[in-house]
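Structure at a glance
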Amino acid sequence: AQWIASNSLCAGAHTSASIASFQWAMDPDGNPATTEDMPVAITNSWYDLTISALTECDPSVNPYINVISAVEAAGIAVVFSAGNEGPNPQTVTQPKNVNIGLVHFWATGAVDGNTPGYPIASYSSRGPVVAACSTGVPSLDIKPEAYAPGDYVRSSTPSNTYSYYSGTSMDCPHVVGAIALLKEAHPSKT
């Protein structure tokens, strides 16, 4: 496996830095004649509070809609962590509380993979999409689209050790890893 990263979270202009990161991911080597440098999937464990829930479904106000649609059209899966604002409904954080198709703006919630029955973690943000983004089609308004282990997950630390963490930032990489494995087994599938 190959892994690349772009750090836009600590940037002063978070929205523009995140959009630049998506644009870079579409052509990391800067050569439009090559495609093997493009990622199969992008994991996003962040949210952008500058995007208002009241207008986040309006492409003229939410720049992520057009950018992520372009990234997905290029064949790259974009997966977000749903957020840690649960358990109330309509708590998936911006900008992934949008749905324009069954697998666009994918959000992943957290389950406790250490407990029988894999209950949804109490902190995991819930759907459906906010009222301003409702399509009127129940299957499109579902959020998050999937759940994965996010409670007490073993993870590496900067000090070359391991520790256990909880949050939807821990479940999102599970889904991206599954997408990478599926793409390896079925390279022609989108």
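An account of the accompanying structure is given in this report. What you see is a predicted model; the values in this text were computed from it and never measured.

The helix and strand inventory of the protein chain stands at four helices and six strands. Traced from its N-terminal end to its C-terminal end, the protein chain shows the element sequence α-β-α-β-β-α-β-β-β-α. Taking 2.2 N^0.38 as the reference for a compact globule, 190 residues should give roughly 16 Å; the C-alpha atoms of the protein chain span a radius of gyration of 16 Å, in line with that estimate. Expressed as lengths along the three principal axes of its C-alpha atoms, the size of the protein chain is roughly 50 × 45 × 35 Å. Expressed as a percentage of its 190 residues, the buried residues of the protein chain come to 40%. Within the protein chain, counting contacts between residues at least 6 apart in sequence, those at least 24 apart form 67% of the total. With 6 positive and 15 negative side-chain charges, the protein chain shows a separation of 7 Å between the mean positions of the two kinds.

So, about the pattern of salt bridges. Overall, the coordinates contain one salt bridge when judged by the stated rule. Here Glu145 ties to Lys143 by a salt bridge, and the two come within 2.9 Å at their closest N and O atoms. Here Glu145 matches Lys143 in class, with each residue buried.

Scanning the model with the defined rule gives one disulfide in all. One disulfide bridge connects Cys57 with Cys133, the sulfur atoms lying 1.7 Å from each other. One disulfide, between Cys57 and Cys133, carries an S-S torsion of 125° and so falls in the right-handed class. Remark: Cys133 occurs in the loop between strand E3 (106-111) and helix H3 (138-141) and Cys57 occurs in the loop between strand E1 (41-44) and helix H2 (64-73); sequence separation between them is 76 residues. What makes Cys57 partly exposed here is its relative accessible area of 27%.

A word on the pairing of E1. Sheet analysis places E1 next to strand E2 (residues 77-81), joined by four bridges and oriented parallel. Considered in E2, the bridge of Ala41 is made with Ala77. In this view, the connection linking E1 to its parallel neighbour E2 by way of H2 has right-handed handedness.

With parallel pairing, four strands are arranged side by side in an open sheet as E1-E2-E3-E4. At either end of the open sheet lies a strand with only one pairing partner, and these are E1 and strand E4 (146-149). Between one strand axis and the next, the sheet turns by 35° as a mean value, whatever way the strands run.

Glancing now at the environment of Ala41. Structurally, Ala41 can be placed in strand E1. Exposure remark for Ala41: the relative accessible area of 15% places this residue in the buried category. Remark: the alpha-carbon pair of Ala41 and Gly117, spanning 76 residues in sequence, is separated by 28 Å.

A separate point is the packing of aromatic side chains. The relative placement of two aromatic rings is captured by the distance of their centres and the angle of their planes. The tally for this structure, following the rule as stated, stands at four aromatic pairs. Plain terms: the ring middles of Trp46 and Tyr64 are 5.5 Å apart, the flat faces sit at 45° to each other, and that makes the pair tilted. A residue pair is termed long-range when its members are at least 10 positions apart, and Trp46 in the loop between E1 and H2 and Tyr64 in helix H2 qualify at 18 residues. Each of the two residues, Trp46 as well as Tyr64, counts as buried. With centroids separated by 4.3 Å and ring planes inclined at 10°, the aromatic side chains of Tyr152 and Tyr164 adopt a geometry described as stacked. Within this pair, whereas Tyr152 is found in the loop between E4 and strand E5 (153-156), its partner Tyr164 is found in strand E6 (residues 162-165), the two being separated by 12 residues in sequence. Its relative accessible area of 51% is what places Tyr152 among the exposed residues.

Basis of the calculations
- Residues numbered from 1 in each chain as written.
- Predicted model: local features only at pLDDT ≥ 70, side-chain atom pairs only at ≥ 80, totals over all residues.
- Heavy atoms only, no water.
- Helix = DSSP H or I, 4+ residues; strand = E, 2+ residues; numbered from the N terminus.
- Rg over C-alpha atoms; globule rule 2.2 N^0.38 Å.
- Buried < 20%, exposed > 50% of the residue type's maximum accessible area, 1.4 Å probe, protein only.
- Contact = heavy atoms within 4.5 Å.
- Lys, Arg positive; Asp, Glu negative; His and termini not counted.
- Charge placed at Lys NZ, Arg CZ, Asp CG, Glu CD.
- Salt bridge = Lys/Arg side-chain N within 4 Å of Asp/Glu carboxyl O.
- Disulfide = S-S within 2.5 Å.
- Pairing = 2+ DSSP bridges.
- Right-handed = clockwise from strand over helix to strand, strands pointing away.
- Axes fitted to C-alpha atoms, helices over the stretch in contact; angles between N-to-C directions.
- Phe/Tyr/Trp six-rings, centres within 6.5 Å; stacked < 30°, edge-to-face > 60°.

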